[in-house]
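# Secondary and tertiary structure notes
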Amino acid sequence: MPDTSRTRNRLKFSGTTVFLYLVMLFVFIISVFPVLWVVLSSFKDNSAILSSPFSLPERFDFNPFIQVFTQYNFGLYTINSLVIASVATIISLLIYSMGAYSIAKFRFPGKNLLYLLFTLTLLVPPHTKAQPIFSLITNLGLSDTRFALVFVYISFGMAITMFVMRISFMSIPDSLNEAAFIEGAGFWRVYWSIDLPLARTGLATSGIMMFLGNWNEYFYAMLLTSSPRVRTLPLALAFFTEAFSYDYTQMFAALTIVILPGIIMYIITQEQVQASVASTGVKG
Amino acid sequence: MPINRIERRYVPFAYAFLLPTIAVFLLFYLIPIVTVVLTSFTRWDGFSTPTFNGLTNYLRFFSQSSFLISLRNLLLWSLIAATLHVGFGVLVAFVLFQKPKGWKAVRGVYMIPNIVSSAAMAMIFRFMFNNDFGFLNSLIRLVRPSFQVNWFFESPWAFVAVTLTWLFYGAIITLIVLGDLMNIPSDLHDAARIDGATGFQAILRIQLPLCRYAIGTSIILSITSRIAMYEAIALTTRGGPGDDTMNIPIILVKAITDLNYGLANAAAVFMFLMGMFTLWIINRLFRMNNPIY
Amino acid sequence: MKNIMILMVMVLGVSFLLVAAGSQEVEDNGMVELVIPHYKAGQNVGGKFFLPQVDRFNALYDGTYRIVIEELPQDGYQDKIKLLAQMNKLPALIEGVGDTVWFEDYMLANDRVQDLKPWLDTKPHVKGLLLDDALEYNTRDGKIVSLPLALARPIGLFYNNTMINPSKPIGEMTHEEFLDMLGDQKIAFMTSENAWTTNLFYTSLIAAEPGGVEMLQNGVEEKIYDYTGPIWREATTNLQKVLQDYASGNTLGAAYADAANSFMSRRSAVIPNGPWMVGDFAPDSEDKWSNGFSGDQVSGDVYPGNFAIANVRGYNWWIPNGLPERELEAALAFLEFMMSPDELEAFMLVEGGVVPKLTLSEDFLTKQKKNPILVDLATTINKDTRLAPLFGDVVPGSIGNMEFGKLLPKLIDGTFTPQQFCEELTLKAAETRL
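Residues numbered from 1 in each chain as written. Chains lettered and ligands numbered in written order. Predicted model: local features only at pLDDT ≥ 70, side-chain atom pairs only at ≥ 80, totals over all residues. Heavy atoms only, no water.

## A short note on the overall build of chain B
Using the following cut-off: Secondary structure elements are taken from DSSP: a helix is a run of H or I of four residues or more, a strand is a run of E of two residues or more, and numbering for both begins at the N terminus. The classification of residues rests on relative accessible area computed with a 1.4 Å probe and restricted to protein chains. Under 20% of the type maximum is buried, over 50% is exposed, and intermediate values are partly exposed. Contact definition: two residues touch when any of their heavy atoms are within 4.5 Å.
Within chain B, the secondary structure is distributed over 15 helices and two strands. Taken along the three principal axes of its C-alpha coordinates, chain B extends 70 × 70 × 30 Å. The proportion of buried residues among the 293 residues of chain B is 62%. In chain B, once contacts between residues fewer than 6 apart in sequence are set aside, the share between residues at least 24 apart is 69%.

Shown next as structure tokens:
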């Protein structure tokens, strides 16, 4: 990228360079240390945790983890979580980016009211949603299915996606659309082939936020499913953390088990995720 | 920008595009929102028939002994979120945009705390800030061996501790802003360079204003997160010591514990209003309805 | 538009696939199968006894009845039951009620709970075991709305007998003597979560005041909102003193795990807690011990002043109204099974407690002797032991679960005088009224 070389040249003041690296170091530390500390502590015994917080574990005993992962079908739960979270994310991205597109690019009566209502859904307290959603899913006969969770998770992304996507569409110059419309391109085509690709950053950002929310969702997974067949990871993990309420080693181990699957997933997909955000195209 | 002919032709399509969103809204949110607003004017235990009691819940909500401190905390946290929190996220974005060596690794690593659920993150911070064996105090004791602070459970540290659980975790902000920075057309950079703008001037005059949507978005997202912040408090201080770290969601959940759904929903309506106010004021401040380019 | 249609059809198609993948056939072979969501399953501590019990029931009624436990996290149980109740889809057996107000004002008021009286009248061997107090509490308008308890598990305290050496049973001491005996040793208190261990000891301090026990006993039916009386002031003054002088070093911010850890690493000599904790003192829990702690160092006793915390006035297992006849039979059969002497004794061996109206078998007594703490707990409670419910059970929910613990740090560091503490708590309680 030509960008890179140019900005590099600008880093001639060593003071600036030092500052950049200090910020990066700080970010690195605050992001990695808490997690690393928890993982390391889970390998220490109680007295080591209490007396020497910085020491490295004397040995790495993976048995507790192996036990946990063999006792339950974690492979299945991971796949369930992955499928449910991704399907819900993709469907909501489609639905809400269409909605956000209308609101960002066109004028029509009721637009502001709709936008306000959609973004307010972010602040609807969870307790008031539980009962209506539970009856909706039960009445549709979807209880204890993966689809129940997909359906519910679709609804969760509304505010954030509407919000982020609207801004993304708004930062695309209107002139592009007008030119395309004058050339006779259809509505869907303009949306799908011109605007959506340019709003890629927004899609990626809201997609990531929604996926993470779905991936970690626990309450509705607990309410709406019961059999191990459709169980998701956070729900499965809740069964363990209950059992591990006593000594610190086990509490750290429980926490490690809770946070690790997500981080491993992220490390695997990191490249693609970051690549999708870093749009290379030049806008305008 | 008046509605032109082309645009008018496409209005029906615009509505059609909104239909799925409206459908989801009707299915999942209409009943809850209507319930919240209506029952906030009633005496209701959550299961029997609500009885209208006018503004009683609101009056009781505003006269709660913990209301004022919750409001103060909300304002302080919102202010910190809008300035320091978003500021840090933006700073990291600008740092990474300079693409120093290792920037990709840092960008990747910064997401990790966001992957961990907020419940697990709160637990981690409870351990990190533990007086006996927590990481933070052990570190401080290397310098000052007699140091004793129970972060989450002593005034005035509890407020600081709760703030620290999210203050520097702005990966989403960095993501949004970095995305916008990378989208700035290169001819604008070139133009700035020809004008003789040096690094900082280019940032102030060109890049920062062009990221105004992204920054506005970040501020709205982080303030609304403060309004709705629950787990970071419920799993650490639970609003204590005393009422030091109370906020509105904690009042709301406490009201539910006592089966006072009317009061809880009055608190929820108050949260709606705060959210609407945030949306409105940030939209104004950042001129988010006007096109950038 | 054509594209939209195609997409919509695709989305719908995926949806149906997902639905189809989720539905399940249920076969019927004349056996009654009850699917019961419950948290005492999987890794839950309660599952250790409950799941084998269900298996024994299924084996006994093989071919007739079968109970299937649907695993649920503990903190989700009450939520789910409430939602199922609203949808009229309750399972055949439910254990306990999260909040009594909901059960009384909604379930009982709408006559949605099965009356157990006709059944109990035909089962004198079950009825004969029930505790009088529990039976009275569960009798509403002549109906018995949930299975009254036969087993009481009074909560006292555990102490490390290598760290303190009481010259007489703690039950025979006053609080003052008890604290003198402690000397420099500490008690494992907490201020986090629901401040459980502190809650327990505070209850014993309230009970030590004249009229305290009666006040607590009356508090179950009529919750207490005013904590400014002399009993509260005195008890809180004592609590402040105990917290300042005898609390373990990690008390501030301690959750239950911290308190338990403090006791099981010899950092404190006393922990107030119920008999179910004996499992942690058994040899197979060795990995929880550190710093020279061992389960055989532990003795159990009641609180000073011969007081223990027990509340048998509560709701236990219940059955919703309107079950199909065969399902009701199965549910009742399970209740009867749990109340059989063998099962009750098996329960006592694992989780402690006493069934006063049951003549214990020789076999049981032999087995119980192998666990000296259980014997301790069973024998320290005598006919003079005064029993009363927990402080947290006689005050509004959020006071006992939340506000008490939240205000404790301010009592410890002296920001609040005992007087102010009581006033603050009273103010918070007033705000909880509907």
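## Quick notes on the packing of helix α9 (residues 158-170) of chain A against helix α12 (residues 200-216) of chain A
When two helices pack together, you describe them by how their axes are tilted relative to each other and by the distance separating the axes. Residue and element names in this part refer to chain A. Applied cut-off: Between N-to-C directions, angles cover 0 to 180 degrees, with each direction set by a line fitted to C-alpha atoms, over the stretch in contact for helices. Under this scheme an angle from 65 to 115 degrees is roughly perpendicular, one under 35 degrees roughly parallel, and one over 145 degrees roughly antiparallel; angles in between are oblique. Any residue outside Ala, Val, Leu, Ile, Met, Phe, Trp, Tyr, Cys, Pro, Asp, Glu, Lys and Arg is labelled polar, Gly included; the first ten of those are nonpolar and the last four are charged.
Across the interface, α9 lies against α12 with an axial gap of 9 Å and an inter-helix angle of 170°. The angle between α9 and α12 falls in the class roughly antiparallel. Contacts from Ile 160, Thr 161, Val 164, Met 165 and Ser 168 of α9 reach α12 at Gly 202, Leu 203, Thr 205, Ser 206, Met 209 and Met 210. Residues of the contact of α9 with α12, tallied by class, amount to six nonpolar, five polar and no charged.

## Comments concerning the interface of chain C and chain B
Just so we agree on the cut-off: As a working definition, buried area equals the accessible area (1.4 Å probe) given up by two parts on being put together, with both sides summed. Each salt bridge in this description consists of a side-chain nitrogen of Lys or Arg and a carboxyl oxygen of Asp or Glu lying within 4 Å of one another. A 3.5 Å cut-off defines polar contacts: any pair of N or O atoms within that distance qualifies, except that in protein one atom must be a possible hydrogen donor and the other a possible acceptor, and neighbouring residues in sequence count only when both atoms are side-chain atoms.
Taken residue by residue, the interface counts 37 residues in chain C and 36 residues in chain B. Summed over both partners, the interface of chain C with chain B comes to about 2700 Å²; 53% of that surface belongs to carbon and sulfur atoms. Residue Lys410(C) is joined to Asp244(B) by a salt bridge in which the shortest nitrogen-to-oxygen separation is 3.3 Å. Taken together, the connections running from chain C to chain B amount to 14 residue pairs in polar contact (both at pLDDT 80 or more). Sorting the residues of the side of chain C that touches chain B by element identifies α1 (2-22), α3 (74-86), α4 (100-108), α17 (397-412) and α18 (418-431) of chain C as the ones contributing at least two each. No other element matches α17(C), which puts nine residues into the side of chain C that touches chain B.

## Overview of α9(A)
How we decide: Multiplying one less than the number of residues by 1.5 Å gives the expected span of a helix.
Spanning 13 residues, α9(A) covers 18 Å between terminal C-alpha atoms, matching the ideal 18 Å at 1.5 Å per step. Counting buried positions along α9(A) yields 13 of 13 residues, so the element is predominantly enclosed.

## A short note on the pairing of strand β7 (residues 270-273) of chain C
Looking along a regular strand, one sees the side chains alternate between the two faces of the sheet. Residue and element names in this part refer to chain C. Under the convention used in this document: For two strands to pair, DSSP has to find at least two bridges joining them.
Burial of β7 is two-sided: the residues Val 270 and Pro 272 facing one way and the residues Ile 271 and Asn 273 facing the other way are all buried. Here strand β6 (residues 156-160) pairs with β7 via four bridges, running antiparallel. In the strand pairing of β7, Tyr 159 is matched with Val 270.

## Thoughts on the nonpolar core
Operational definition: Throughout, nonpolar core names a set of buried Ala, Val, Leu, Ile, Met, Phe, Trp, Tyr and Cys residues whose side chains join them through atoms within 4.5 Å.
Membership of the largest hydrophobic core comes to 297 residues, with the highest contact counts inside it found for Phe169(A), Val177(B), Trp102(C), Phe158(C), Phe178(C), Ile187(C) and Trp318(C). Contacts of Val177(B), omitting those with residues within four sequence positions, involve Val90(B), Ala93(B), Phe94(B), Cys211(B), Ala214(B), Ile215(B) and Ser218(B). Core analysis: the next-biggest nonpolar cluster, separate from the first, contains 42 residues, Phe57(C), Leu120(C), Leu328(C) and Phe337(C) among them.

## A short note on the confidence of the model for chain A
Detailed reading of the predicted model is not advised wherever pLDDT is low. Residues and elements named next belong to chain A. Quick note on the threshold: Each residue gets a pLDDT score, which is the predictor's confidence in that residue and runs from 0 to 100.
Looking at chain A as a whole, the pLDDT averages 83, with 88% of positions reaching at least 70. Mean pLDDT across the secondary structure elements of chain A bottoms out at helix α1 (residues 2-9), with 46, and peaks at helix α8 (residues 146-156), with 93. Segment residues 1-9 is flagged for pLDDT under 50; beyond a separation of four residues in sequence, or across chains, it makes nine contacts in the model. Low pLDDT, under 50, characterises residues 280-284; the predicted model gives this stretch 11 contacts beyond four residues in sequence or across chains.

## With respect to the domain arrangement of chain A
To keep it simple, the criterion reads: Domain boundaries shown here were taken from an automatic or database domain assignment.
As far as domains go, chain A holds domain 1 (2-62) and domain 2 (72-243). Each of domain 1 of chain A and domain 2 of chain A was reduced to a C-alpha centroid, and the two centroids are 33 Å apart.

## Details of the side chain of His85(B)
Structurally, His85(B) is set in helix α3 (residues 67-97). Ignoring anything within four residues of it in the chain, the contact list for His85(B) reads Ile80(B), Trp166(B), Leu167(B), Tyr169(B), Gly170(B), Ile173(B) and Ser222(B).

## Things to note about the interface of chain A and chain B
Across the boundary between the two partners, chain A contributes 102 residues, which contact 95 residues of chain B. Between chain A and chain B, roughly 9500 Å² of surface is buried when both sides are summed, and carbon and sulfur atoms account for 78% of that area. Our count for the chain A to chain B interface comes out at zero salt bridges. Remark: the boundary between chain A and chain B carries nine residue pairs in polar contact (both at pLDDT 80 or more). In terms of residues, the side of chain A that touches chain B owes the most to one element, helix α2 (residues 14-41) of chain A, which gives 16 residues. Each residue belonging to the side of chain A that touches chain B can be placed in one class, and the counts come to 72 nonpolar, 19 polar and 11 charged.

## Quick word on the packing of aromatic side chains
Rules: Whether two aromatic rings pair depends on their centres lying within 6.5 Å, for rings of Phe, Tyr and Trp, where Trp uses its six-membered ring; planes under 30 degrees apart make the pair stacked, over 60 edge-to-face, and the rest tilted. Charge-over-ring placement is defined geometrically: NZ (Lys) or CZ (Arg) within 6 Å of the ring centre, and within 35 degrees of the ring normal.
Applying the stated rule across the entire model yields 89 aromatic pairs over all chains. Plain terms: the ring middles of Phe57(C) and Phe334(C) are 5.1 Å apart, the flat faces sit at 90° to each other, and that makes the pair edge-to-face. Of the two residues, Phe57(C) sits in helix α2 (residues 47-60) while Phe334(C) sits in helix α13 (residues 325-338), which places them 277 residues apart along the sequence. The same class applies to Phe57(C) as to Phe334(C), namely buried. The rings of Tyr101(A), Phe106(A), Phe169(A), Phe181(A), Phe187(A), Trp188(A), Tyr191(A), Trp192(A), Tyr10(B), Phe13(B) and Phe17(B) are connected pair by pair, giving a single aromatic cluster. The ring of Trp166(B) has Arg226(B) sitting right over it, with the charged end atom 3.9 Å from the ring centre.

## Looking at the packing of α2(A) against helix α4 (residues 103-110) of chain B
Let me state the cut-off plainly: Here is the rule for handedness: rotate from the far helix to the near one, and if that takes an anticlockwise turn smaller than a right angle the crossing is left-handed, while a clockwise turn gives right-handed.
Look at α2(A) against α4(B): their axes get within 9 Å of each other, and the N-to-C directions meet at 35°. Viewed along their axes, α2(A) and α4(B) form a crossing whose handedness is left-handed. Residues Met24(A), Val27(A), Phe28(A), Ile30(A), Ser31(A) and Val32(A) of α2(A) touch α4(B), and the partners they reach there are Trp103(B), Val106(B), Val109(B) and Tyr110(B). A per-class count over the contact of α2(A) with α4(B) returns nine nonpolar, one polar and no charged.

## Overview of the confidence of the model for chain B
When pLDDT is averaged along chain B, the result is 88; 94% of the residues meet or exceed 70. At the level of individual helices and strands, chain B shows its lowest average pLDDT in helix α10 (residues 186-194) of chain B, which scores 71, and its highest in α3(B), which scores 96.

## A look at the sheet that holds β7(C)
Residue and element names in this part refer to chain C. Reading across the sheet, the three strands line up as β7-β6-β8 and stay open at both edges, with antiparallel pairing between neighbours. Each edge of the sheet is formed by a strand with only one pairing partner; in this case those strands are β7 and β8 (298-301). Direction aside, the axes of adjacent strands within the sheet are offset by 25° on average. Across the sheet, helix α12 (residues 256-263) touches β6, β7 and β8, and the angle it forms with β7 is around 135°.

## Quick look at the environment of Phe62(A)
Among the structural elements, Phe62(A) can be located in the loop between α3 (46-51) and α4 (63-71). You can call Phe62(A) partly exposed: its relative accessible area is 47%.

## With respect to α3(C)
By the burial criterion, the buried members of α3(C) are Gly76(C), Tyr77(C), Lys80(C), Ile81(C), Leu83(C), Leu84(C) and Ala85(C). Where α3(C) is buried, its residues contact α7 (126-139) and α13 (219-224) of chain A together with β1 (32-38), β3 (94-95), α4 and β10 (317-318) of chain C. Once α3(C) finishes, Asn88(C) follows within two positions and takes phi at roughly 60°, a positive value.

## Let's talk about the pattern of salt bridges
One pass over the full model with this rule turns up 22 salt bridges over all chains. Arg56(C) is the salt-bridge partner of Glu343(C), the closest N and O atoms lying 2.7 Å from each other. Of this pair, Glu343(C) sits in helix α14 (residues 341-351) while Arg56(C) sits in helix α2, and the two are 287 residues apart along the sequence. You can call Glu343(C) buried: its relative accessible area is 6%. With a relative accessible area of 33%, Arg56(C) lands in the partly exposed category. With a shortest N-O distance of 2.8 Å, Arg313(C) and Glu221(C) are connected by a salt bridge. With a gap of 92 residues between them, Arg313(C) in the loop between β9 (307-309) and β10 and Glu221(C) in the loop between α10 (212-219) and α11 (230-246) connect regions that are remote in the sequence. The class for Arg313(C) is buried, based on a relative accessible area of 14%. Judged by its relative accessible area of 46%, Glu221(C) falls in the partly exposed class. When salt bridges with common partners are traced through the structure, they connect Asp243(B), Lys254(B), Glu403(C), Lys406(C) and Lys428(C) into a single cluster.

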